[in-house]
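Breakdown of the fold
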Amino acid sequence: MNGSNPKSTASIAGHPLHPMIIPFPVAFLVTAFVTDLAFWATGSDGWAVASMRLLGAGVVMALVAAVFGFTDFFGDQRVRGLSDAWQHMIGNLIAVVLALVNWYLRYRSGAAAGVFPVGIWISLATVLLLLFNGWKGWEMVYRDHVGVSDSRA
């Protein structure tokens, strides 16, 4: 790769921004699934409201992470040449659309009405997709060294 690793073009002082932001939407969307399960177990509307809010926060933060991810993707041709990068990007776009649809169903019909059964299944699918997407993202870092500094300065 021309003696250097593919660069993260969205960075501050050499620190890639995308990996710093992605824990937020992942945490929000996984916790939304957990609060869906808590609603299913208890029937308490508070869990349903928490799920809806977590979904909304997850979508917003995923869009922020996507800005930095797209910047990295389009900023270095070598990144665009990686199959893992394409799978990571497309998988994350699908996950965000699923989370947005899940949020909208709850918003439209009421937080509690939107949880069971469709909302829980969408949340589960989103979490499973996030696992795959995370695997592909780490493949790019560990195998292809995307965004990894070439020097130890």
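Residues numbered from 1 in each chain as written. Predicted model: local features only at pLDDT ≥ 70, side-chain atom pairs only at ≥ 80, totals over all residues. Heavy atoms only, no water.

Topic: the overall build of the chain
The line we're drawing: Strands are runs of DSSP state E lasting at least 2 residues, helices are runs of H or I lasting at least 4, and numbering of each runs from the N terminus. Buried means the residue's accessible area, taken with a 1.4 Å probe over protein chains only, is under 20% of the maximum for its type, while exposed means over 50%, and partly exposed covers the values in between. What makes two residues a contact is simply this: any of their non-hydrogen atoms within 4.5 Å.
Assigned secondary structure in the chain consists of 6 helices and 2 strands. Listed by position from the N terminus, the elements making up the chain come as β-β-α-α-α-α-α-α. Taking the principal axes of its C-alpha atoms as reference, the chain extends roughly 55 × 25 × 25 Å. Scored against the burial criterion, the 153 residues of the chain give a buried share of 38%. Pairs at least 24 residues apart make up 74% of the contacts formed inside the chain by residues separated by at least 6 positions.

So, helix 3 (residues 45–75)
Put simply, the rule is: The span expected for a helix works out to 1.5 Å for each residue beyond the first.
Its 31 residues give helix 3 an end-to-end C-alpha distance of 45 Å, which sits within 8% of 45 Å, the value for a rise of 1.5 Å per residue. Among the residues of helix 3, those classed as buried are Ala48, Ser51, Met52, Leu54, Leu55, Gly58, Val59, Ala62, Ala65, Gly69, Asp72 and Phe73. If you follow the buried residues of helix 3, they end up packed against helix 1 (18–21), helix 2 (23–42), helix 4 (77–80), helix 5 (83–109) and helix 6 (115–142).

Details of the pattern of salt bridges
To keep things clear, this is the line we draw: Think of a salt bridge as a Lys or Arg side-chain nitrogen and an Asp or Glu carboxyl oxygen that are within 4 Å of each other.
Counted under the stated rule, the structure contains 5 salt bridges. Between Arg106 and Asp36 there is a salt bridge whose closest N-O contact spans 2.8 Å. With a gap of 70 residues between them, Arg106 in helix 5 and Asp36 in helix 2 connect regions that are remote in the sequence. With respect to burial, Arg106 and Asp36 carry one shared label: buried. Residues Asp84 and Arg143 are paired through a salt bridge, measuring 2.1 Å at the closest nitrogen-oxygen approach. Of the two residues, Asp84 is situated in helix 5 and Arg143 in the segment after helix 6; the sequence distance between them amounts to 59 residues.

Some words on the environment of Phe74
Looking at where Phe74 falls in the secondary structure, it is placed in helix 3. In this structure, the C-alpha to C-alpha distance between Phe74 and Ser8, residues 66 residues apart in sequence, is 10.0 Å.

Here's the deal with the confidence of the model for the chain
Let me state the cut-off plainly: For every residue, the predictor assigns a confidence score, pLDDT, that lies between 0 and 100.
Confidence in the prediction for the chain averages 90 pLDDT; 93% of positions are at 70 or higher. When mean pLDDT is taken per element in the chain, helix 2 scores highest with 97 and strand 1 (residues 11–12) scores lowest with 79.

What about the nonpolar core?
Note on soluble globular proteins: their nonpolar side chains tend to be buried together. Which entries qualify depends on this criterion: Put simply, buried Ala, Val, Leu, Ile, Met, Phe, Trp, Tyr and Cys residues joined by side-chain atoms within 4.5 Å make one nonpolar core.
Among the nonpolar cores identified, the biggest contains 11 residues, and these are Leu29, Ala32, Leu54, Leu55, Val59, Ala62, Ala95, Val96, Ala99, Leu129 and Leu130. Taken together, the elements giving at least two residues each to this core come down to helix 2, helix 3, helix 5 and helix 6. Not counting the four nearest positions on each side in its chain, Ala62 is found in contact with Pro25 and Val96.

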